[in-house]
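As a plain string of letters, each chain reads:
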Amino acid sequence: MNNNEYEIVIIGGGASGLMLASQLDLGGAPGLILAGSSALGTKLLMSGGGRCNITHGGPVKDFVYAYGDEGQTLRRCLYKHSNLELAKWFSGLGVDLADENGEPVDASYGSGGMDSAGRIFPASGKSRDILNTLIGEAAANLWQIETDAKVSGLRKDGSWVITLINGYELKAENVVIATGGITYPETGSDGSMFEMLDDLGLDINEPRPALAPVYVEDYPYAELSGISIPDVTVIAFSSDAACTCKGKAAKMKGDLLFTHEGLSGPVILNISKHAEPGELIRLCYNKELHELPRRMQRILRERSRGLLGDVRTNVLASLLDHDDFTVTGVDERGMVTAGGVSLDEMDMRTMAAKRFDGLYVIGEALDADGITGGYNLQLCWSTACTCADDLRSKLCL
Ligand SMILES: Cc1cc2nc3c(=O)[nH]c(=O)nc-3n(C[C@H](O)[C@H](O)[C@H](O)COP(=O)(O)OP(=O)(O)OC[C@H]3O[C@@H](n4cnc5c(N)ncnc54)[C@H](O)[C@@H]3O)c2cc1C
């Protein structure tokens with residue numbers, strides 16, 4: 001780094017940081033991306049099993065529900081920079097998108113939303129194509145990019161002063177936090193920035209893994225590993241769910257997957273952030289016994305036997321209706337992080353922190369997370385584009 005004074009420094013070289021740089025032509029203003037890891041976009045490359053489920057199809061109004069309590073707060077920026085806009089942008093750059101069945105996404109569809117439904121991927125099925133496009137656009141917009149540049153300090157001293165772990169100091173008029181969450185720390189997203197933001201005085205809601213498998217006490221289904229049961233209702237109970245009825249933290253319905261160690265599948269991943277160790281998780285199979293896989297029927301019968309070895313039909317019926325387990329833990333390797341920078345701190349029209357001039361937060365570092373299906377990357381895109389709009393007009397770029 002030759003110069004140490006920048007107009008904008010983006011801390012983080014993942015989906016959100018790179019999307020911001022892709023949208024913002026610096027027009028000669030000095031701008032720098034700092035990534036603590038040795039490579040850019042490592043988590044983006046892993047996403048969707050390497051296929052990169054970049055967003056979800058359908059009308060953008062349906063997106064709001066995918067982010068739970070935070071959905072309404074995100075509404076404005078999801079509408080402003082929607083899934084359809086994203087598809088148009090990528091297809092304008094020659095990256096065609098397709099739905100789960102490989103059908104092309106029609107990015108020319110009108111204003112109501114995207115015509116395609118379900119998960120949306122690059123038609124090539126390669127997340128590398130998405131990453132290369134973002135890096136190419138960021139470079140074309142004249143962003144300087146530094147990898148292996150881990151930030152260890154951030155303070156305001158007139159301008160923002162950013163300290164790297166080797167002690168080097170940079171100054172910036174505007175700093176964008178795009179440092180992601182706490183899971184998969186080997187990708188560089190190790191949560192280190194949350195401590196620095198906390199020290200600054202920003203309100204951070206405790207980060208924890210979400211979209212993760214759940215482990216339970218006395219798990220009886222290890223031998224069913226790999227078997228999926230459709231349309232299971234799952235209820236997570238919580239000790240502090242004071243605002244909800246009878247301690248229910250969340251109730252969701254979807255496909256359940258048994259693994260060797262515990263519970264997984266979309267419905268479990270989606271409810272995992274509400275699953276608290278020591279509290280109950282309830283599985284309601286919504287099926288008659290004979291509709292379940294044979295091996296599972298056998299296990300359920302075994303679990304219903306009385307002292308004399310007879311199957312107690314009332315116990316069997318209640319297991320089908322509410323198979324209750326005590327949660328022992330949630331896998332640390334969640335696909336996303338729940339918690340992070342409180343949305344109350346943010347002006348959602350700009351992604352600027354309300355109390356800190358020239359500080360922006362985008363992407364997974366925010367206390368907002370979606371269910372599986374492309375909603376988490378859409379959150380990165382929408383917040384990054386909103387931030388780009390503000391910086392563009394603020395700096396007349
Ligand atoms: C296995 C897996 C599969 C997934 N699949 C999907 C999917 O298909 N669809 C979907 O929507 N979402 C998916 N997600 C979630 C999605 O990938 C993330 O939400 C998204 O990539 C987050 O982007 P981000 O830019 O906010 O953060 P990240 O991509 O985590 O990037 C953070 C950047 O900040 C840098 N950084 C962190 N701390 C510092 C520091 N102190 N100094 C300097 N740099 C720092 C990191 O090195 C990194 O460059 C998946 C996640 C995982 C783990």
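Here is what the cut-offs are and how they apply
Residues numbered from 1 in each chain as written. Predicted model: local features only at pLDDT ≥ 70, side-chain atom pairs only at ≥ 80, totals over all residues. Heavy atoms only, no water. Near = heavy atom within 4 Å. Polar contact = N/O pair within 3.5 Å; in protein donor to acceptor, adjacent residues only side chain to side chain. Areas by Shrake-Rupley, 256 points an atom, 1.4 Å probe, with all protein chains shown as cover. Helix = DSSP H or I, 4+ residues; strand = E, 2+ residues; numbered from the N terminus. Phe/Tyr/Trp six-rings, centres within 6.5 Å; stacked < 30°, edge-to-face > 60°. Buried < 20%, exposed > 50% of the residue type's maximum accessible area, 1.4 Å probe, protein only. Lys NZ or Arg CZ within 6 Å of the ring centre and 35° of its normal. Pairing = 2+ DSSP bridges. Axes fitted to C-alpha atoms, helices over the stretch in contact; angles between N-to-C directions. Core = buried A, V, L, I, M, F, W, Y, C linked by side-chain atoms within 4.5 Å. Contact = heavy atoms within 4.5 Å. Expected span 1.5 Å × (residues − 1). Arc of directions from axis to C-beta. Patch = residues over 30% accessible without salt bridge, like charges linked within 9 Å, V, L, I, M, F, W, Y side chains within 5 Å. Salt bridge = Lys/Arg side-chain N within 4 Å of Asp/Glu carboxyl O. Lys, Arg positive; Asp, Glu negative; His and termini not counted. Charge placed at Lys NZ, Arg CZ, Asp CG, Glu CD.

Q: Any chance you could explain the site of the ligand here in plain terms?
A: Taken together, 36 residues are adjacent to the ligand, and Ser 16, Gly 48, Ser 189, Glu 364 and Leu 377 come closest. The contact in question runs from an oxygen atom of the ligand to an N or O atom on the backbone of Ala 15, over 3.1 Å. Between the ligand and Leu 377 there is a distance of 2.7 Å, counted from an oxygen atom to a backbone nitrogen or oxygen. Alone, the ligand offers 1000 Å² of accessible surface; in the complex the protein occludes 95% of this. Those elements giving two or more residues to the shell around the ligand turn out to be helix H1 (15-23), helix H2 (42-46) and helix H10 (375-394). Take the shell around the ligand: its biggest share by element is four residues, from H10.

Q: Explain the packing of aromatic side chains to me, please; I cannot follow it from the model alone.
A: The geometry of an aromatic ring pair is captured by two quantities: the separation of the ring centres and the angle between the planes. Considering all chains together, one arrives at seven aromatic pairs under this definition. Geometrically, the ring pair formed by Trp 89 and Phe 90 is edge-to-face, given 5.0 Å between the ring centres and 70 degrees between the ring planes. Here Tyr 221 and Phe 258 contribute two aromatic rings whose centre-to-centre distance is 4.6 Å and whose plane-to-plane angle is 45 degrees, an arrangement assigned as tilted. Here Phe 258 lies in strand S13 (residues 248-258) and Tyr 221 lies in the loop between strand S11 (214-216) and strand S12 (228-237), a separation of 37 residues in the sequence. Using a relative accessible area of 0% as the deciding quantity, one classes Tyr 221 as buried. Through a chain of ring-to-ring contacts, the aromatic side chains of Tyr 219, Tyr 221, Phe 258 and Phe 325 assemble into a single cluster. Directly above the aromatic system of Phe 121 lies the positively charged group of Arg 51, at a separation of 3.9 Å from the ring centroid.

Q: Would you mind showing me how to read the sheet that holds strand S3 (residues 55-58) here?
A: By definition, the strands of a sheet pair up through backbone hydrogen bonds, in either a parallel or an antiparallel sense. The three strands are arranged S3-S5-S4 in an open sheet whose pairing can be described as antiparallel. In this open sheet, the two edge strands, each paired with only one partner strand, are S3 and strand S4 (97-99). The average undirected angle you get between the axes of adjacent strands in this sheet is 45 degrees. Sheet topology places S3 next to strand S5 (residues 114-122); three bridges connect them, and they run antiparallel. Looking across to S5, one finds that His 56 is bridged to Arg 119.

Q: Can you help me understand the nonpolar core in this one?
A: One broad rule of soluble globular proteins: the nonpolar side chains tend to lie buried together. Counting residues in each nonpolar core, the largest one holds 84 residues, and the members touching the most others are Leu 20, Ile 162, Ile 177 and Trp 381. With ten residues, H10 is the largest single contributor of residues to this core. For Ile 162, the contacting residues outside a window of four places in its chain are Val 9, Ile 11, Leu 34, Val 151, Gly 153, Leu 154, Tyr 168, Glu 169, Leu 170, Ala 172 and Val 175. Of all hydrophobic cores here, the second largest spans 33 residues; its members include Leu 224, Val 234, Ala 236 and Phe 258.

Q: Please explain the pairing of strand S8 (residues 159-164) as it appears in this structure.
A: Successive side chains on a regular strand alternate, one facing one side of the sheet and the next facing the other. Summarising burial for S8: six of the six residues are buried, a large majority. As paired strands, strand S7 (residues 151-157) and S8 are joined by six bridges and run antiparallel to one another. Residue pairing in the sheet places Lys 156 in a bridge with Trp 160 of S8. Between S7 and the antiparallel strand that follows it, S8, lie one residue; Gly 158 among them carries a positive phi value of about 80 degrees. Inspection of the sheet shows S8 paired to strand S9 (residues 169-177) by four bridges, in the antiparallel sense. Across the sheet, residue Ile 162 finds its bridge partner in S9, namely Leu 170. With antiparallel pairing between neighbouring strands as the criterion, S8 and S9 make up a hairpin whose turn holds four residues, including Gly 167 at a positive phi of roughly 95 degrees.

Q: Looking at this model, I keep getting lost on helix H5 (residues 127-140). Mind explaining?
A: Count 3.6 residues to each turn of an α-helix, and residues three or four apart come out pointing the same way. An ideal rise of 1.5 Å per residue puts 20 Å on 14 residues; H5 measures up with 20 Å between its terminal C-alpha atoms. What H5 keeps buried is the set Ser 127, Ile 130, Leu 131, Thr 133, Leu 134 and Ala 138. Burial along H5 is one-sided: seen end-on, the buried residues are contained in an arc of 160 degrees. Looking one or two residues beyond H5, the residue adopting positive phi is Leu 142, at roughly 70 degrees.

Q: Honestly, a negative patch on the surface in this entry has me stumped. Any pointers?
A: Together, Glu 195, Asp 198, Asp 199, Asp 203 and Asp 344 line one region of the surface with negative charge. Relative to the helices and strands, Asp 198 is located in helix H6 (residues 192-200).

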